[in-house]
Amino acid sequence: MGQYLLKFGKKRNWDDLGLAWLPRGAIQADPATDLRISSGKLSVWWIEEDRSNIDLVILALASSRQHLEKIEFGLFEDTIPGQIGIKVAEEVGVSPVPSVNHYHRNFIEMTTDQLTTLVNSIFFNISKSRKLKPEITKLLTSEWGNKIDVGNVKPDLRSEIENEIQLPG
Amino acid sequence: MISDLEPSILSSMKLFLCESSVTGSFVPESLLLHAGDWDAKGLHLKYLNAVENFDINREWVEAKTGVIVSSAPGYSLADLRVITDPHNVILSSSRGVRYVEEFTGSTVKHLRPTQYDMEQSLWTQSETVENPSLARRLKALLGIQLREFDDELEGIEFKSEFTRLLRQGGKTALHIIKKIIDTESANPEALSSALEVIGEYSDPETYEERFRLMVSALKSTSRWIRDGASIGLAALGDIRALEFIEKAISAEPVSDLKEDLEGVLAYLRSIG
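On a predicted model such as this, the values are computed, not experimentally measured, just so you know.

(A) Expanded view of the interface of chain B and chain A. Between chain B and chain A, the contact holds 25 residues from the first and 24 residues from the second. Roughly 2,300 Å² is buried in total at the junction of chain B and chain A, and carbon and sulfur atoms are behind 46% of that figure. Ionic pairing is found between K70(A) and E196(B), a salt bridge with its closest N-O pair at 2.9 Å. Seen at the junction of chain B and chain A, the total is 12 residue pairs in polar contact (both at pLDDT 80 or more). Among the elements of the structure, helix 6 (152-182), helix 7 (188-200), helix 9 (223-236) and helix 11 (255-271) of chain B are those that each provide at least two residues to the side of chain B that touches chain A.

See the structure below:
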């Protein structure tokens, strides 16, 4: 059994605030607005049970962006989509880290009902994490030209990382 | 509940507490405003002519001289349960506290200076350089509604424009931003992103001002702003921030944010 990694837009949207106006067991709508679904698809990454590929997946996410930026994400059990009727498709990712792209998945044909059910199912148990920008910078510079296919990195990010490599610290 | 306040005041959006104009032996040295969980009840301190000194659980706040409390839409000032002196003696409108429903900027200025004001004098003295145009542009940028921040490209455009204004305005821009934070007159999500940029911005001339601004913002009533300040301090990589992050962790009521602050603390310790 593995987990799915879901990249957050803003981690603060996933805060458990226990707001007084919420009915018992209800969740504020903010996390639902944080999920980016396009054409009924939600992009996630599958993480091995021993989490041996998680650093590579984070590398893939960080190297796919336009600029150096912190990465915020959550992990939840991979059995949940099946339990709530969400279809999962193994669609190879297009990140600049070729060795990890086969871990990419899409939740497909998603409806608004499924979106709500998904948020309700994962909100209280999702394991939330953040990698700060300096940590991402260190990760990217250490794998630059190794695991990262530099030719597939967006120009602005490429320029920023190359500056970091030339001016360490 | 505040038992002996007029109903009209309880339903007011703002409450002004003043001990400086009250005479007699009942005048307390400071006021403790008890509300339970301030964040969960939508209560905010709007003007800090006061020492913002939350207790460890953020259930009460100590205020000296005067403070304005506001409630967010959908909340009521009735959630401000009780006001006491430092010895937990309950105060009322006839004993040590004056409530003013309507107030103006000049009312606030007539309050006597407090230690807080003196600590802030570095900021106010430096603010003699007026730049209304810069203030207007910063307020417009930081006041936008930020659903678009979920879009990476829009976020990049915001950061690019904010960096440009920061470069153009230098210390004056930072003073304006501090005012915006103190008066909560902008979108907290925008301010959070702005604080991240302020931490990443490379400019030795404004280093100390940026450091102090972020340390100050760790005490914001907004979890978004507290978060942005901590991320900015991580980006700055100044280990002097350690003690302030530790204090922020102790005071943080949102458990998810507390974990993120601990992440910043661990990062700063790793580079220290």
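Read on for the rest.
(B) Expanded view of unusual backbone geometry. All names here are of chain A. Phi at R51 takes a positive value of approximately 60 degrees, unusual for a residue other than glycine. Take R51: it is sitting in the loop between strand 3 (41-47) and helix 2 (54-63). Given a relative accessible area of 36%, R51 falls into the partly exposed group. Unlike most non-glycine residues, E109 shows phi in positive territory, near 50 degrees. With respect to the element layout, E109 can be found in the loop between strand 6 (104-108) and helix 4 (112-122). We classify E109 as exposed; its relative accessible area is 51%.

(C) Just helix 9 of chain B, in detail. Spanning 14 residues, helix 9 of chain B covers 20 Å between terminal C-alpha atoms, matching the ideal 20 Å at 1.5 Å per step. Its side-chain oxygen 3.2 Å from the backbone nitrogen of W224(B), S222(B) forms the N-cap of helix 9 of chain B.

(D) Focus on the packing of helix 8 (residues 207-217) of chain B against helix 9 of chain B. All names here are of chain B. Orientation of helix 8 relative to helix 9, taken along the N-to-C sense of each, is 145 degrees, at an axis distance of 8 Å. Crossing hand, helix 8 versus helix 9: left-handed. Along its contact with helix 8, which presents Y207, R210, F211, M214, V215 and A217, the element helix 9 presents I225, R226, A229, G232, L233 and L236.

Conventions we followed
Residues numbered from 1 in each chain as written. Chains lettered and ligands numbered in written order. Predicted model: local features only at pLDDT ≥ 70, side-chain atom pairs only at ≥ 80, totals over all residues. Heavy atoms only, no water. Contact = heavy atoms within 4.5 Å. Buried area = accessible area lost by both parts, 1.4 Å probe. Salt bridge = Lys/Arg side-chain N within 4 Å of Asp/Glu carboxyl O. Polar contact = N/O pair within 3.5 Å; in protein donor to acceptor, adjacent residues only side chain to side chain. Helix = DSSP H or I, 4+ residues; strand = E, 2+ residues; numbered from the N terminus. Buried < 20%, exposed > 50% of the residue type's maximum accessible area, 1.4 Å probe, protein only. Expected span 1.5 Å × (residues − 1). Axes fitted to C-alpha atoms, helices over the stretch in contact; angles between N-to-C directions. Left-handed = near helix turned anticlockwise from the far one by under 90°.

In short, shape yes, function no, at least from these values alone.
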